[in-house]
Amino acid sequence: MGMSAEESKSSSQKDGEWPEVEKAEKLARGAALKWASGVFYQPEKLEGLGQYRIREIQRNSSIQSRIKSTVQTYLEGVSMGLEQLHSALADVQHVQRELESVQQDLESSINSFQSLQRLREVAVEHAQLGLVVQTLPQLFSVHQLISETFDLLQHQHLLEAHRRLMDLESLQDSILCQLHQHNLLSSLHLASVESYFGGLLELDNALAQHLWNIVARGIKLVSEDPCLFVSALRIIEREEALDAALLLRSQALGFLPPGRPKCWRQKFFQVIQETVLASHFQPLPSSAQDRVLATHLASLQSSILAELCIVKDLMVQCCPPHYDILAAFATMFHQGLINHLHHILTLDLDKQDVFALLHWAIHVYPSSEMMAHPSLLPEVDSSFLGPLFPVDTVDYLEELYLGKVQASIAEWMQKMLELEFKEWFSGQEPELDYQGCFQTSLPIIAMKMLDENIRVACLVSDTLQQKVLHMALGELETFLGSLYEELVEFGKAHQKEHTASKFYTPYLLSTLNNCLAFSTSISALSTSGTSPLESTKMPLSVDITLERVQKKACSLLLEEMLVDLQPLFVQLPSRQWLSDESQLMSSICQVINKHAKGFRRTRKPISMYLLSETEHLIMGQYVRALLQKRMVCRNAEERSQMARQMLQDRAQLEELFCTLGLEENKQCLRVIADLQELIGLKDTSMLSLEVLGFVTKYPDISDDHISMLLDLRGDISKEIRNNVLEVMVQNPQVLPENYDPVFSNILVPATEPPFCLGKSKCA
């Protein structure tokens with residue numbers, strides 16, 4: 001059915017006012033259409049259309065009924081609210097009329113109240129006069145009370161004196177407060193009151209002076225006369241209570257009596273702090289001769305600990321708990337020590353002072369010997385107080401200590417070296433140890449000094465110990481470098497004048513033993529704080545310097561041996577040597593044996609090293625002698641004879657060194673045997689192959705060495721020589737790792753220039 005015009009108009013208005021309704025209706029219709037199309041998509045579902053229609057009609061009827069019920073309930077509530085608003089309006093109008101009536105009554109009674117103003121003024125005046133009458137006896141007795149209170153103070157009756165002082169102050173404050181309330185407290189009135197109570201301020205100051213004298217002597221009084229100290233504390237607490245009460249009253253009245261608050265509790269702790277500072281922390285003299293810092297610190301430790309024990313055992317019982325007097329004393333001492341130690345830092349400190357300062361501040365102060373003493377536990381917590389020195393100050397002191405120790409060690413070791421050098425030129429032989437080896441006291445004294453400094457540093461911290469250890473090794477390296485320079489000078493002096501040192505060789509041997517002692521002692525340097533199995537590892541630079549000193553001493557010893565051997569090796573090779581009539585090698589062996597006996601005055605492995613170096617020296621000198629062109633073989637017989645003699649010499653030398661203790665497999669004398677094969681070779685066509693094998697075995701040999709050996713044979717043509725050298729060029733050798741050089745240390749004589757008639761013709 002179509003809608004009427006009115007309904008259309010109403011619907012149009014409604015849609016204009018509520019556009020959400022139209023949107024909701026469209027959404028509902030769309031949802032319903034979607035649902036219906038999904039349900040009745042199949043023809044067989046259309047049979048249930050009637051049932052769906054009936055069910056939907058019933059559901060719509062139920063919903064409409066609930067809506068009507070809800071609207072009815074809402075309308076009833078609105079009606080009841082309107083009735084209550086009408087009732088409230090009537091009540092408000094009634095109250096308004098009553099208030100207007102009361103206002104009219106008050107306005108008609110104003111004149112009656114104004115007649116009572118005079119009565120009020122009289123009543124106030126009467127009250128004031130009555131108060132004055134009551135106060136007059138007290139006012140008249142003020143001067144007498146002040147005088148009596150002074151007498152009480154003189155006789156140490158502190159509590160009674162303070163009670164009277166409180167009464168007098170209360171009277172003065174009451175008068176001032178009354179004047180303030182009536183706006184009469186002008187500067188003139190204030191001056192009059194203070195003039196009348198003029199002795200009161202003096203009395204207050206006298207009492208305060210008595211109190212602070214007692215507080216300053218508190219440590220002594222709690223042991224001898226605690227009553228006096230307790231009385232002083234009671235007076236201080238009374239004043240603190242008065243301060244609190246007057247401050248609270250001033251918030252309401254706006255008036256605070258002059259001199260308030262006194263803050264005597266704060267003054268109590270201030271006096272104690274001043275006493276602590278004055279009695280314990282006096283500035284030290286700037287002169288190091290008048291200052292013994294370790295003794296001063298020990299005195300501080302003793303006095304502070306004793307005073308804290310008195311505070312804990314006696315003063316704590318005399319003070320109120322909220323004073324926490326033991327913690328206050330501990331804090332004062334702690335801060336006082338910090339300031340005092342920083343003053344000490346400004347002085348010129350030596351290394352003992354710096355060590356004493358570090359050790360005391362880091363270890364003694366927080367230990368059971370002082371702040372963690374059993375007598376103070378558990379009330380005093382040293383960890384809460386913190387360290388005396390911050391980390392940066394500790395680092396500064398450690399570096400300062402390290403620098404002073406380094407300077408001391410360097411100076412001392414230089415003096416030791418000077419004494420050692422003088423001892424080398426003395427007419428006294430170096431001492432022998434229990435093994436019969438030469439030695440001096442140099443390594444023992446030096447390493448003992450270094451070890452002691454490292455152990456002392458350990459008493460401060462492991463960090464400082466490591467710093468001192470590294471510094472000590474550095475100074476030892478410098479010392480060994482100086483020792484090397486002294487050895488050089490020692491050798492020069494001996495070469496210049498052999499009688500300069502009567503015991504030249506023994507002191508060189510003792511130096512070698514000293515180097516071995518240094519090497520052994522470095523690993524035994526104190527390493528407290530590390531594992532017992534750990535040892536100090538010798539730095540590479542120190543090891544190199546120590547080896548340099550050892551090699552220099554060995555070199556000087558071998559040079560001394562070479563001086564005796566040189567006249568003998570000059571005779572090699574020679575035809576007399578070939579005939580074996582000169583007993584040349586026997587003489588060489590005798591010289592070697594004589595010097596080797598001296599080598600026994602050194603400890604192993606130094607003695608074996610010397611023996612090995614001697615064997616290398618003899619081999620080198622033997623080969624060098626062969627290359628000097630002192631002799632050229634004239635025929636095959638001489639070549640064979642030379643080869644046999646070389647084998648005999650090698651056997652004799654090997655037997656000698658084996659007898660001296662050098663194993664055959666560690667000897668290099670086999671070079672002589674290999675050389676004799678080149679000398680004694682009969683078939684020269686095989687010479688290139690023989691030389692190639694020799695070069696392979698000794699890759700450091702040069703073509704100059706080979707040329708000299710070929711010259712020694714005396715039968716090598718220029719063609720064969722060129723073939724041999726060409727084979728060497730075609731087969732260059734590379735030195736293998738760990739190769740022990742043989743020929744590279746043997747210099748070949750310079751080639752003689754060709755014959756020349758003279759400069760003029762050569763030009």
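Please read these numbers as outputs of a predicted model, since none were measured by experiment. (Residues numbered from 1 in each chain as written. Predicted model: local features only at pLDDT ≥ 70, side-chain atom pairs only at ≥ 80, totals over all residues. Heavy atoms only, no water.)

Novice: I keep staring at the overall build of the protein chain and nothing clicks. Help me out?
Specialist: Counting its regular elements, the protein chain contains 30 helices and two strands. By the burial criterion, 38% of the 763 residues in the protein chain qualify as buried. For the protein chain, restricting intrachain contacts to residue pairs at least 6 apart in sequence, the fraction spanning at least 24 positions comes to 76%. When the accessible surface of the protein chain is totalled, it reaches about 44,300 Å², and 56% of it is carbon and sulfur. (Helix = DSSP H or I, 4+ residues; strand = E, 2+ residues; numbered from the N terminus. Buried < 20%, exposed > 50% of the residue type's maximum accessible area, 1.4 Å probe, protein only. Contact = heavy atoms within 4.5 Å. Areas by Shrake-Rupley, 256 points an atom, 1.4 Å probe, with all protein chains shown as cover.)

Novice: Any chance you could explain the environment of Ala330 here in plain terms?
Specialist: With respect to the secondary-structure elements, Ala330 resides in helix α14 (residues 325-345). Sequence-wise, Ala330 and Asp381 are 51 residues apart; in three dimensions their C-alpha atoms are separated by 9.0 Å. Not counting the four nearest positions on each side in its chain, Ala330 is found in contact with Leu308, Met371, Val380 and Leu385.

Novice: Explain the side chain of Glu420 to me, please; I cannot follow it from the model alone.
Specialist: Positionally, Glu420 belongs in helix α17 (residues 391-424). Despite its burial, Glu420 pairs with no opposite charge; the closest candidate is Arg603, at 12 Å N-O. Engagement of the side chain of Glu420 in a polar contact is seen with the side chain of Thr440, the distance being 3.1 Å. Glu420 has contacts with Thr440, Leu442 and Asn514, leaving out every residue within four places of it along the chain. (Lys, Arg positive; Asp, Glu negative; His and termini not counted. Salt bridge = Lys/Arg side-chain N within 4 Å of Asp/Glu carboxyl O. Polar contact = N/O pair within 3.5 Å; in protein donor to acceptor, adjacent residues only side chain to side chain.)

Novice: Just to check I follow, could you spell out the pattern of salt bridges for this structure?
Specialist: Two side chains that carry opposite charge are able to pair once their charged atoms sit near each other. Under the counting rule described, the total for this entry stands at 22 salt bridges. Close ionic contact of Arg603 with Asp433 constitutes a salt bridge, the shortest N to O distance being 2.7 Å. Placement of the pair is Arg603 in the loop between α23 (584-599) and α24 (606-626) and Asp433 in the loop between β1 (431-432) and β2 (438-439), with a sequence separation of 170 residues. A relative accessible area of 12% means that Asp433 is categorised as buried.

Novice: I would appreciate a short explanation of the nonpolar core in the present structure.
Specialist: Looking at soluble globular proteins, one finds that nonpolar side chains tend to be buried together. With 186 residues, the main nonpolar core has Phe229, Phe268, Phe329, Leu357, Trp360 and Phe743 as its most contacted residues. For this core, the element with the highest residue contribution is helix α19 (residues 462-496), accounting for 14 residues. Apart from residues lying up to four places away in sequence, Phe329 is in contact with Ile219, Ile272, Val276, Glu307, Leu308, Val311 and Met315. (Core = buried A, V, L, I, M, F, W, Y, C linked by side-chain atoms within 4.5 Å.)

Novice: Would you take a moment to explain the packing of aromatic side chains for this structure?
Specialist: The full count for this structure, using the stated rule, is 17 aromatic pairs. Centre to centre, the rings of Phe268 and Phe269 are 5.1 Å apart; their planes meet at 80 degrees, and the pair counts as edge-to-face. Taken together, the aromatic side chains of Phe421, Trp424, Phe425, Phe490 and Tyr504 make up a single cluster linked through ring pairs. Sitting over the ring of Tyr484, Arg548 keeps its end group 3.7 Å from the ring centre. (Phe/Tyr/Trp six-rings, centres within 6.5 Å; stacked < 30°, edge-to-face > 60°. Lys NZ or Arg CZ within 6 Å of the ring centre and 35° of its normal.)

Novice: Any chance you could explain a nonpolar patch on the surface here in plain terms?
Specialist: Taken together, the side chains of Ile63, Ile67, Val71, Tyr74, Leu75, Val78, Leu82 and Leu85 present a nonpolar region at the surface, about 770 Å² in accessible area. Residue placement: Ile67 occurs in helix α3 (residues 49-108). (Patch = residues over 30% accessible without salt bridge, like charges linked within 9 Å, V, L, I, M, F, W, Y side chains within 5 Å.)

Novice: What is the right way to look at helix α29 (residues 718-730) in this model?
Specialist: An α-helix turns once per 3.6 residues; consequently, residues spaced three or four apart project the same way. Taking 1.5 Å per residue as the helical rise, α29 with its 13 residues ought to reach 18 Å, and the 18 Å between its terminal C-alpha atoms agrees with that figure. Arg721, Val724, Leu725, Val727 and Met728 are the residues of α29 that are buried. Buried residues of α29 fall within an arc of 150 degrees about the axis and therefore sit on the same side. Of the residues in α29, the exposed ones pointing more than 90 degrees away from the buried face are Lys718, Glu719, Val729 and Gln730. (Expected span 1.5 Å × (residues − 1). Arc of directions from axis to C-beta.)

Novice: Help me understand the environment of Val316 in this model?
Specialist: Assignment of secondary structure puts Val316 in helix α13 (residues 293-318). Spatially, the C-alpha atom of Val316 lies 6.7 Å from that of Leu326, the residues being ten residues apart in sequence. Non-local contacts of Val316, meaning those with residues more than four positions away in its chain, are made with Val311, Ile325 and Leu326.

Novice: Before we go on, may I ask you to explain unusual backbone geometry in this structure?
Specialist: Negative phi values dominate among residues other than glycine, just as trans dominates among peptide bonds. Here the bond from Leu377 into Pro378 is cis, since omega is 0 degrees, no more than 30 degrees from zero. Residue Pro605 follows Lys604 across a cis peptide bond; omega there is 5 degrees. Of note, Pro605 is situated in the loop between α23 and α24. One non-glycine residue, Asp324, lies in the positive phi region at around 45 degrees. Since its relative accessible area comes to 48%, Asp324 is described here as partly exposed. Positive phi values are uncommon outside glycine, yet Lys629 reaches one of about 60 degrees. Along the chain, the position of Lys629 falls in the loop between α24 and α25 (636-660).

Novice: Please clarify how the packing of α25 against helix α26 (residues 670-680) should be interpreted in this entry.
Specialist: The packing of two helices is summarised by the inter-axis angle and the distance between the axes. Relative to each other, α25 and α26 sit at 175 degrees, their axes nearing to 9 Å. Taken together, α25 and α26 sit at an angle that is classed as roughly antiparallel. Across the interface between the two elements, Arg639, Met642, Ala643, Met646, Leu647, Arg650 and Leu653 from α25 touch Arg670, Ile672, Ala673, Leu675, Gln676, Ile679 and Gly680 from α26. Of the residues assigned to the contact of α25 with α26, the class counts are nine nonpolar, two polar and three charged. (Axes fitted to C-alpha atoms, helices over the stretch in contact; angles between N-to-C directions. Parallel < 35°, antiparallel > 145°, perpendicular 65-115°, else oblique. Nonpolar A, V, L, I, M, F, W, Y, C, P; charged D, E, K, R; others polar.)

Novice: Any chance you could explain the side chain of Glu654 here in plain terms?
Specialist: Along the chain, Glu654 falls in helix α25. Sequence-distant contacts of Glu654, defined by excluding residues within four places in its chain, comprise Glu664, Gln667 and Leu669.

Novice: Looking at this structure, I do not really get the confidence of the model for the protein chain. What am I missing?
Specialist: Close inspection of predicted coordinates is inappropriate in any region flagged by low pLDDT. For the protein chain, per-residue confidence averages 82 on the pLDDT scale, and residues scoring 70 or more make up 83% of the total. In the predicted structure, residues 528-534 sits below a pLDDT of 50 and forms six contacts with residues beyond four places in sequence or in another chain. Contacts from residues 753-763, a stretch scored under 50 in pLDDT, to residues over four places away or in other chains number one contact. (pLDDT = per-residue confidence, 0-100.)

Novice: Help me understand α14 in this model?
Specialist: The terminal C-alpha atoms of α14 lie 30 Å apart, and with 21 residues this matches the ideal 30 Å at 1.5 Å per residue to within 8%. Of all 21 residues that make up α14, 15 are buried, and the element is covered over most of its length.

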